[in-house]
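# A look at the structure
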Amino acid sequence: MLVCYTKHELRQALTELRVNGSVGLVPTMGYLHEGHMALVARARAENKVVAVSIFVNPTQFGANEDLSTYPRDSERDLQILRDAGVDVVFTPTAGEVYLLDADTHVETGYLSRVLIGRIRPKHFRGVATVVTKLFNIFQPDRAYFGCKDYQQLTVINKMVADLDIPVEVIGIPTVREADGLALSSRNVRLTSKNRAAAPVLCQSLDRAEVLVAGGGATVHSVKKEILDLLAGMPSGVVESVDIRDAGTLAPMRGRIASAAVVLLAVRFESVLLIDQRVVTPSNNR
Ligand code: PAF
């Protein structure tokens, strides 16, 4: 496995590797878990060359967010990727990725302002900018992202469509712990009390799925059930419970008659956990 620290090294490595066939890119911020490895496995199955980036992107963190405490373990990550048969890893510094006087950003409009965008105002601009840069640096045929970050995946799909970026974006289902907690690098920072409370996000989504599948559920009734379940948490502060059109993230009202996405954000002290589920009424199944 080649490990590249500069764009120049990476471009050279990929020029040689690309002759073998398609390149699948898995962008990550490191501290890898089974969720990331599901993306790597799919990339491995669909491409001749598997490339991974490990970069904790500063521009997607707000001033009071967890950039400095975001978990990192580069040696362990590289070993995991080596064992998984990855071909090339790019692990740059922020100075390598961004010019000091960088003054250009990529931003989807509506999709970046709603939901998590309200809690983290510059977040999706940072994500869209770095993902565009990674697409330009790697020029992959396919790129793999987790469905757990549903809004991120929607932003990236829209950006790729709007800007004619020649990359196939593939969303991979969320990987969960046995008790339903969605895998996330941030889980390691949950206290034991918060870790015990956190599966309520998944339980709320299970409940929403059943209610919507039964037909006749309204946005109001599903939200109320979820808020009641979350109110029973021994710890955690509900940041948002949203039900939106699964394709456009536009707000929904009244009866849920088409595919919707239920998006939850709950803060456990400094750790913001998010989770989501696409739910479909029975008449659409
Ligand atoms: O999902 C992530 O880990 C990050 O947001 C990404 C896509 C690697 C961009 O920094």
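Refer to the structure presented above.
## Some remarks on the nonpolar core
Counting 46 residues, the largest nonpolar core has F135 and F138 as the members making the most contacts within it. The set of elements that each furnish at least two residues to this core consists of α1 (7–17), β2 (23–28), β3 (49–54), β4 (88–90), α7 (123–138), β5 (142–146), α8 (150–162) and β8 (260–268). Here the element with the most residues in this core is α7; it accounts for nine residues. Of all hydrophobic cores here, the second largest spans 27 residues; its members include L205, A208, F268 and V279.

## Looking at the site of the ligand
Neighbouring the ligand are P27, T28, M29, N57, Q60, V130, F145 and Q152. Taking Q60, its side chain carries an N or O atom lying 2.7 Å from an oxygen atom of the ligand. In terms of residue class, the shell around the ligand is made up of four nonpolar, four polar and no charged.

## Some remarks on helix α11 (residues 219–231)
The first and last C-alpha atoms of α11 sit 18 Å apart over 13 residues, in line with the 18 Å expected at 1.5 Å per residue. Regarding α11, the residues found buried are V219, V222, I226 and L230. Looking down the long axis of α11, one finds its buried residues gathered within 75° of arc, a one-sided arrangement. Along α11, the residues that are exposed and aim more than 90 degrees away from the buried face are H220 and A231. Those residues of α11 that are buried lie in contact with α10 (200–213), β7 (237–245) and β8.

## Remarks on the pairing of strand β9 (residues 271–279)
With seven of nine residues buried, β9 lies mostly within the body of the structure. Bridge count for β8 against β9 is nine bridges, and the pairing is antiparallel. Residue L264 lies in a different strand from β9, and its bridge partner there is D275. Once β8 ends, the chain turns through two residues before running back antiparallel as β9, passing E269 with a positive phi of about 55°.

## Examining the pattern of salt bridges
According to the stated counting rule, one finds 17 salt bridges in the structure shown. In this structure, E225 and R207 form a salt bridge, with 3.0 Å as the shortest nitrogen-oxygen distance. One end of the pair, E225, is in helix α11; the other, R207, is in helix α10, and 18 residues separate them in sequence. Taking the shortest distance from any N to any O, the salt bridge between R267 and E239 comes out at 2.8 Å. Of this pair, R267 sits in strand β8 while E239 sits in strand β7, placing them 28 residues apart in sequence. The exposure class assigned to R267 is partly exposed, which follows from its relative accessible area of 27%. Here E239 falls in the partly exposed class, since its relative accessible area comes to 32%. Among the charged side chains, a network of salt bridges with common partners joins D66, R186 and R189.

## A short note on the pairing of strand β6 (residues 168–172)
Direction of pairing for β5 relative to β6: parallel, over a ladder of five bridges. When the sheet's bridge partners are listed, F145 is paired in β6 with G171.

## Structural notes on the side chain of Q276
With respect to the secondary-structure elements, Q276 resides in strand β9. Within the local environment of Q276, its side chain forms a polar contact with the backbone oxygen of C147, the two atoms lying 3.0 Å apart. For Q276, the contacting residues outside a window of four places in its chain are C147, K148, Y150, T174, R176, L205, V261, V262 and L263.

## Quick look at the packing of α10 against α11
Contact geometry of α10 with α11 gives a least axis separation of 9 Å together with a crossing angle of 155°. What the angle tells us is that α10 and α11 run roughly antiparallel. Remark: the crossing between α10 and α11 carries right-handed chirality. Two secondary-structure elements touch here, α10 through V200, Q203, S204, R207, A208, L211 and V212 and α11 through V222, E225, I226, L229 and L230. For the contact of α10 with α11, the residue count by class is eight nonpolar, two polar and two charged.

Criteria and cut-off values
- Residues numbered from 1 in each chain as written.
- Predicted model: local features only at pLDDT ≥ 70, side-chain atom pairs only at ≥ 80, totals over all residues.
- Heavy atoms only, no water.
- Core = buried A, V, L, I, M, F, W, Y, C linked by side-chain atoms within 4.5 Å.
- Buried < 20%, exposed > 50% of the residue type's maximum accessible area, 1.4 Å probe, protein only.
- Helix = DSSP H or I, 4+ residues; strand = E, 2+ residues; numbered from the N terminus.
- Near = heavy atom within 4 Å.
- Polar contact = N/O pair within 3.5 Å; in protein donor to acceptor, adjacent residues only side chain to side chain.
- Nonpolar A, V, L, I, M, F, W, Y, C, P; charged D, E, K, R; others polar.
- Expected span 1.5 Å × (residues − 1).
- Arc of directions from axis to C-beta.
- Contact = heavy atoms within 4.5 Å.
- Pairing = 2+ DSSP bridges.
- Salt bridge = Lys/Arg side-chain N within 4 Å of Asp/Glu carboxyl O.
- Axes fitted to C-alpha atoms, helices over the stretch in contact; angles between N-to-C directions.
- Parallel < 35°, antiparallel > 145°, perpendicular 65-115°, else oblique.
- Left-handed = near helix turned anticlockwise from the far one by under 90°.

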